[in-house]
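Summary of structural features
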Amino acid sequence: MKAWLLNNPALINTRPLKLADVPMPTPGSDELLLRVHACAICRTDLHVVEGELPVRRSPLIPGHQIVGRVAAMGSQVDGFKMGDRVGVAWLNRTCGKCEYCRANRENLCDEALFTGWSVDGGYAEYAVAPASFAYHIPENFEDFQAAPLLCAGIIGYRCLRLTGLNESDWEGARLGLYGFGAAGHISIQLARSRGAEVYVCTRDRERHQALAHELGATWVGGAFEAPPVKLDTAIIFAPAGELVPNALKTMRKGGTVVLGGIHMSPIPTFDYSLIYGERMIRSVANNTRADGQEFLREAARIPVRTHTQTFPFDQANEALIALKSDAIRGAGVLLMP
């Protein structure tokens, strides 16, 4: 099969991904083999390719927002059949035995494997994944629309959960979003459907700020601009640590700033007064399968509409270059031939 390989991490403008012919993977007894139709690109892919995350596998096929159809399956697979449309996300497999797994916190498992980082991902014509960590894709999403739901959407959903706002708290709540790429443009749709006001701080006027206006943001400004009101909570999707003190300044007492990325530049020192008043900072680490299942149900019910820019399969490097330069409006998606 054709696949994009990362042999050595390097800056994306050097085009480190190489298209190669590799053996088609064989599914294990508990795995599905998928004919990949679409794979969304993600800021995490960029962190992997450029070496901001440590190397877990080499060579590596990146990509962790995979939509495809079942082409083969192992003997122990249950709940799927040939031809089913399936999604594969970041969390690939966990041990199922540790204290975190037993406490329904499998996202924190120390032995977890991750699609497109510690196991091969979806920048390829075929991919394998454990059936127990795969998702049935709701029928009202096309392949290219569904792919960004599998990380940007699921992580956005978990970020909203970790704000600490309960179901009854969302009506009239004031949510700040810092960065408005793939995750931000999905999260605003969830938050607004729950009744929240959304205040977007992002640096790109032509694409990201314009999209935020289109999706109903109450206010839109630059990344370091102060919203006109104090916020109940905020999510930082941009991997920029310097935004953390800025977001804290916008918080009401008791508010939470959620950090939505797997990697962030250093957070500068700040005065204790910014967190006094029981303000909190918390990170999001990966996702659970329950997050994915709950999110896909909510996304189908709303329904969420992903804004996408598609790239041919042979333009993986170019897609990531566009992502790094904030040139994508919404989410980028690789389409397989």
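Coordinates for the structure precede this section.
Residues numbered from 1 in each chain as written. Predicted model: local features only at pLDDT ≥ 70, side-chain atom pairs only at ≥ 80, totals over all residues. Heavy atoms only, no water.

**Here's the deal with the overall build of the protein**
Cut-off, in case you're wondering: Numbered from the N terminus, helices here are DSSP runs of H or I no shorter than four residues, and strands are runs of E no shorter than two. Restricting the calculation to C-alpha atoms gives the radius of gyration, and the globule rule supplies 2.2 Å times the number of residues raised to the power 0.38. Exposed residues in this analysis have more than 50% of their type's maximum accessible area, buried residues have under 20%, and partly exposed residues fall in between, with area computed by a 1.4 Å probe over protein chains only.
Along the backbone of the protein there are nine helices and 17 strands. The C-alpha radius of gyration of the protein comes to 19 Å, within 12% of the 20 Å expected for a compact globule of 337 residues. Along the first, second and third principal axes, the C-alpha atoms of the protein reach 55 × 45 × 35 Å. In the protein, which comprises 337 residues, the proportion classed as buried is 56%.

**A short note on the packing of helix 4 (residues 152-162) against helix 8 (residues 289-301)**
Here is the rule we go by: For every element, the axis is a line fit to its C-alpha atoms; helices are fit only across the contacting stretch, and the angle between N-to-C directions ranges from 0 to 180 degrees. With respect to orientation, any angle under 35 degrees is reported as roughly parallel, any angle over 145 as roughly antiparallel, any angle of 65 to 115 as roughly perpendicular, and every other angle as oblique. Pairs of residues are marked as contacts when any of their non-hydrogen atoms sit within 4.5 Å. Ten residues, namely Ala, Val, Leu, Ile, Met, Phe, Trp, Tyr, Cys and Pro, are considered nonpolar, four, namely Asp, Glu, Lys and Arg, are considered charged, and the remaining ones, Gly among them, are considered polar.
Close contact between helix 4 and helix 8 brings their axes to 9 Å; oriented N to C, the two are set at 100 degrees. In terms of their interaxial angle, helix 4 and helix 8 are classed as roughly perpendicular. Here Gly-153, Ile-154, Tyr-157, Arg-158 and Arg-161 of helix 4 come into contact with helix 8, specifically with Asp-291, Gly-292, Glu-294, Phe-295 and Glu-298. Split into classes, the residues belonging to the contact of helix 4 with helix 8 amount to three nonpolar, two polar and five charged.

**Quick notes on the layout of surface pockets**
Heads up, the condition is: Cavity means a closed set of points on a 1 Å grid over the protein atoms alone, one where a 1.4 Å probe fits but cannot get out, pocket means an open set with protein on both sides within 12 Å along at least 5 of 7 lines, and lining means a residue has an atom within 4 Å of a point. Grid points are joined across faces, edges and corners, and a volume is the space filled by probe spheres set on the points.
There is about 860 Å³ of room inside the largest pocket. What lines the largest pocket is a set of 42 residues, and nearest its centre among them are Arg-43, Gly-181, Phe-237, Ala-238 and Pro-239. Looking at the lining of the largest pocket, the elements with two or more residues in it are helix 1 (43-49), helix 4, helix 5 (182-193) and strand 17 (331-335). Each residue belonging to the lining of the largest pocket can be placed in one class, and the counts come to 24 nonpolar, 14 polar and four charged. For the second largest pocket, the calculated volume is near 290 Å³. Taken together, 13 residues form the lining of the second largest pocket, with Tyr-157, Glu-167, Trp-170, Arg-194 and Glu-298 sitting closest to its centre. Of all the elements in the fold, those that place two or more residues in the lining of the second largest pocket are helix 4 and helix 8.

**Here we look at unusual backbone geometry**
Cis geometry marks the peptide bond from Ser-58 to Pro-59; its omega dihedral reads -10 degrees. Residue Pro-303 is bonded to the preceding Ile-302 through a cis peptide linkage, with omega at -10 degrees. Despite not being glycine, Glu-278 has its phi angle at roughly 60 degrees, a positive value. One non-glycine residue, Asp-326, lies in the positive phi region at around 60 degrees. Its place among the elements puts Asp-326 in the loop between helix 9 (316-324) and strand 17.

**As for the pairing of strand 1 (residues 2-6)**
How we decide: Only strands that DSSP links by at least two bridges are regarded as paired with each other.
The buried fraction of strand 1 amounts to four of the five residues, a majority that puts the element mostly inside the structure. Alignment of strand 1 against strand 2 (residues 17-21), held across five bridges, turns out to be antiparallel. Note on strand 2: the bridge partner recorded for Trp-4 is Leu-19.

**Considerations on the packing of aromatic side chains**
Heads up, the condition is: Each pair of aromatic rings taken from Phe, Tyr and Trp, with Trp reduced to its six-membered ring, is defined by centres within 6.5 Å and is described as stacked if the planes are under 30 degrees apart, edge-to-face if over 60, and tilted in the remaining cases. In this analysis the charged atom, NZ for Lys or CZ for Arg, is taken to sit over a ring once it is within 6 Å of the ring centre and within 35 degrees of the ring normal.
Counted by the stated rule, this structure contains six aromatic pairs. Taken together, a centroid distance of 6.4 Å and an interplanar angle of 65 degrees make the contact between Trp-4 and Phe-313 edge-to-face. Pair noted here: Trp-4 is in strand 1 and Phe-313 is in the loop between strand 16 (308-312) and helix 9, with a separation of 309 residues, a long-range link. A network of ring pairs unites the aromatic residues Trp-90, Phe-114 and Trp-117 as a single cluster. Over the aromatic face of Tyr-126 sits the side chain of Arg-35, whose NZ or CZ is 5.3 Å from the ring centroid. Directly above the ring of Phe-133 sits Arg-289, whose terminal nitrogen or CZ lies 3.8 Å from the centroid.

**A look at the nonpolar core**
Nonpolar side chains in soluble globular proteins tend to end up buried together. Heads up, the rule is: Definition used in this section: a nonpolar core is a set of buried Ala, Val, Leu, Ile, Met, Phe, Trp, Tyr and Cys residues joined via side-chain atoms within 4.5 Å.
Leu-17, Leu-32, Ile-41, Tyr-123, Leu-320 and Leu-334 are the most contacted members of the largest nonpolar core, which has 53 residues in total. Mapped by element, the contributors of at least two residues to this core are strand 1, strand 2, strand 3 (31-40), helix 1, strand 4 (66-73), strand 5 (85-88), strand 8 (126-130) and helix 9. Other than its neighbours up to four places away in sequence, Leu-17 contacts Trp-4, Leu-5, Leu-6, Val-49, Pro-62, Tyr-123, Ala-316, Asn-317 and Leu-320. Counting residues in each nonpolar core, the second largest holds 50 residues, with Ala-38, Ala-40, Val-67 and Val-198 among its members.

**Details of the side chain of Glu-298**
Residue placement: Glu-298 occurs in helix 8. Setting aside anything within four residues of it in sequence, one finds Glu-298 in contact with Tyr-157, Leu-190, Ser-193 and Arg-194.

**Concerning the side chain of Gln-189**
Mapped onto the secondary structure, Gln-189 falls in helix 5. Those residues in contact with Gln-189 that lie beyond four places of it in its chain are Leu-215, Ile-302, Pro-303, Val-304 and Arg-305.

**Notes on the sheet that holds strand 15 (residues 280-283)**
Taken in spatial order, the six strands of this open sheet run 12-11-10-13-14-15, and their pairing is parallel. Only two strands of the sheet have a single partner each, and these edge strands are strand 12 (219-221) and strand 15. Strand-to-strand twist across the sheet, computed as the mean angle between neighbouring axes with direction ignored, equals 15 degrees. As paired elements, strand 10 (residues 174-178) and strand 13 (residues 231-236) share four bridges and run parallel to each other.

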